[in-house]
Amino acid sequence: MKKIEHIGIAVNSIETSNSLFEKLLGTPCYKEEEVASEGVKTSFFMTGPNKIELLEATKEDSPIAKFLAKKGEGIHHIAFEVEDIVAEIARLKEEGFTIINEIPKKGADNKLVAFVHPKTTNGVLIELCQEIV
Ligand SMILES: CC[C@H](C(=O)O)C(=O)SCCNC(=O)CCNC(=O)[C@H](O)C(C)(C)COP(=O)(O)OP(=O)(O)OC[C@H]1O[C@@H](n2cnc3c(N)ncnc32)[C@H](O)[C@@H]1OP(=O)(O)O
Ligand SMILES: [Co+2]
């Protein structure tokens with residue numbers, strides 16, 4: 001793992017939360033993107049070197065919809081930048097972690113992504129992100 005790539009925050013409404021985070025961070029959202037395969041729309045903020053990702057569910061069976069129904073708005077996942085996502089998945093499996101999607105999938109912000117099950121990470125959903133070059 002190289003560095004934290006972003007913190008994912010589940011919100012009920014991107015529109016409402018964009019203006020809240022613009023006030024909080026003192027910077028506007030720099031990008032909005034829908035990832036239909038995940039049933040989410042996202043918006044991104046940069047605060048210095050750190051990235052915040054807001055996530056709103058776009059369909060009932062989205063992981064974000066389920067999370068919001070169960071836990072309400074709040075931190076959803078921590079994403080780490082990795083050099084080689086396939087090698088990282090193999091390493092984590094070897095270490096006994098449960099990878100939710102063993103085949104990397106297209107995420108937001110031009111990344112290949114995979115997720116590590118929170119049941120094997122002390123309750124924190126972990127996302128692996130590799131830049132698509
Ligand atoms: C890809 C676009 C964008 C990007 O950065 O590129 C994203 O980040 S998309 C983010 C949304 N997509 C995902 O989260 C995909 C991975 N997540 C999943 O596959 C599911 O959410 C999963 C498997 C983590 C949970 O799904 P499940 O159907 O099993 O839901 P349950 O409510 O039954 O959860 C089981 C168990 O896990 C706990 N849980 C669920 N979500 C989280 C979470 N975000 N953080 C911590 N724990 C979580 C949940 O509370 C249940 O625990 P229990 O003790 O049984 O209550
Ligand atoms: Co994410």
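Residues numbered from 1 in each chain as written. Chains lettered and ligands numbered in written order. Predicted model: local features only at pLDDT ≥ 70, side-chain atom pairs only at ≥ 80, totals over all residues. Heavy atoms only, no water.

- As recorded in an unreviewed UniProt entry, the protein chain goes by the name Methylmalonyl-CoA epimerase, listed as coming from Maribacter vaceletii.
- Annotation of the protein chain in UniProt includes, under Sequence similarities (unreviewed entry), the sentence "Belongs to the methylmalonyl-CoA epimerase family." (UniProt positions renumbered as here; feature names shortened; annotations may be inferred.)

### Notes on the overall build of the protein chain
No. 1: For the protein chain, the helix and strand inventory stands at 3 helices and 8 strands.
No. 2: When its helices and strands are written in sequence order, the protein chain yields β-α-β-β-β-α-β-α-β-β-β.
No. 3: Against the compact-globule benchmark of 14 Å for 133 residues, the protein chain has a radius of gyration of 14 Å, which places it among compact chains.
No. 4: Overall size of the protein chain, expressed as C-alpha extent along the three principal axes, is 45 × 30 × 25 Å.
No. 5: Per-residue burial for the protein chain yields a buried fraction of 41% across its 133 residues.
No. 6: Residue pairs in contact within the protein chain that sit at least 24 positions apart in sequence constitute 51% of those at least 6 positions apart.
No. 7: Total accessible area on the protein chain stands at roughly 7,600 Å², and carbon and sulfur atoms take up 55% of it.
No. 8: If you average the places of the 16 positive and of the 22 negative side-chain charges in the protein chain, the two averages end up 3 Å apart. (Helix = DSSP H or I, 4+ residues; strand = E, 2+ residues; numbered from the N terminus. Rg over C-alpha atoms; globule rule 2.2 N^0.38 Å. Buried < 20%, exposed > 50% of the residue type's maximum accessible area, 1.4 Å probe, protein only. Contact = heavy atoms within 4.5 Å. Areas by Shrake-Rupley, 256 points an atom, 1.4 Å probe, with all protein chains shown as cover. Lys, Arg positive; Asp, Glu negative; His and termini not counted. Charge placed at Lys NZ, Arg CZ, Asp CG, Glu CD.)

### Overview of the coordination of the cobalt ion (ligand 2)
Six octahedral donors around a metal ideally make angles of 90 or 180 degrees; four tetrahedral donors ideally make 109.5 degrees.
No. 1: Of the protein atoms, only His 6 (NE2), Glu 53 (OE), His 77 (NE2) and Glu 127 (OE) coordinate the cobalt ion (ligand 2), at distances of 2.1 to 2.4 Å.
No. 2: For the cobalt ion (ligand 2), the 6 donor atoms in the first shell make angles of 80 to 175° at the metal, a pattern classed as octahedral.
No. 3: Each donor residue of the cobalt ion (ligand 2) belongs to the same chain, and together they define the spacing H-x46-E-x23-H-x49-E. Separated by 24 residues along the polypeptide, Glu 53 in strand 4 (residues 50-57) and His 77 in strand 5 (residues 74-81) bring together distant segments of the chain.
No. 4: For Glu 53, a relative accessible area of 5% corresponds to the buried category. (Donors = N, O, S within 2.8 Å, 3.2 Å for Na, K, Ca; no water. Tetrahedral: all angles 85-135°; square planar, octahedral: opposite > 155°, others 65-115°.)

### Some points on the pattern of salt bridges
No. 1: Enumeration over the complete set of coordinates arrives at 12 salt bridges.
No. 2: Across the salt bridge formed by Glu 81 and Lys 3, the nearest N and O atoms sit 3.5 Å from each other. A residue pair is termed long-range when its members are at least 10 positions apart, and Glu 81 in strand 5 and Lys 3 in strand 1 (residues 3-10) qualify at 78 residues.
No. 3: Using a relative accessible area of 41% as the deciding quantity, one classes Lys 3 as partly exposed.
No. 4: Its salt-bridge partner being Glu 131, residue Lys 111 comes within 3.2 Å of it at the nearest N-O pair. (Salt bridge = Lys/Arg side-chain N within 4 Å of Asp/Glu carboxyl O.)

### A look at unusual backbone geometry
No. 1: Not every positive phi belongs to a glycine, and Asp 109 is a case in point at roughly 55°.
No. 2: In this fold, Asp 109 is placed in the loop between strand 6 (105-106) and strand 7 (111-116).
No. 3: Its relative accessible area of 11% is what places Asp 109 among the buried residues.
No. 4: At Asn 110, a residue that is not glycine, the phi angle is positive and equals roughly 60°.
No. 5: Locating Asn 110 in the fold gives a position in the loop between strand 6 and strand 7.

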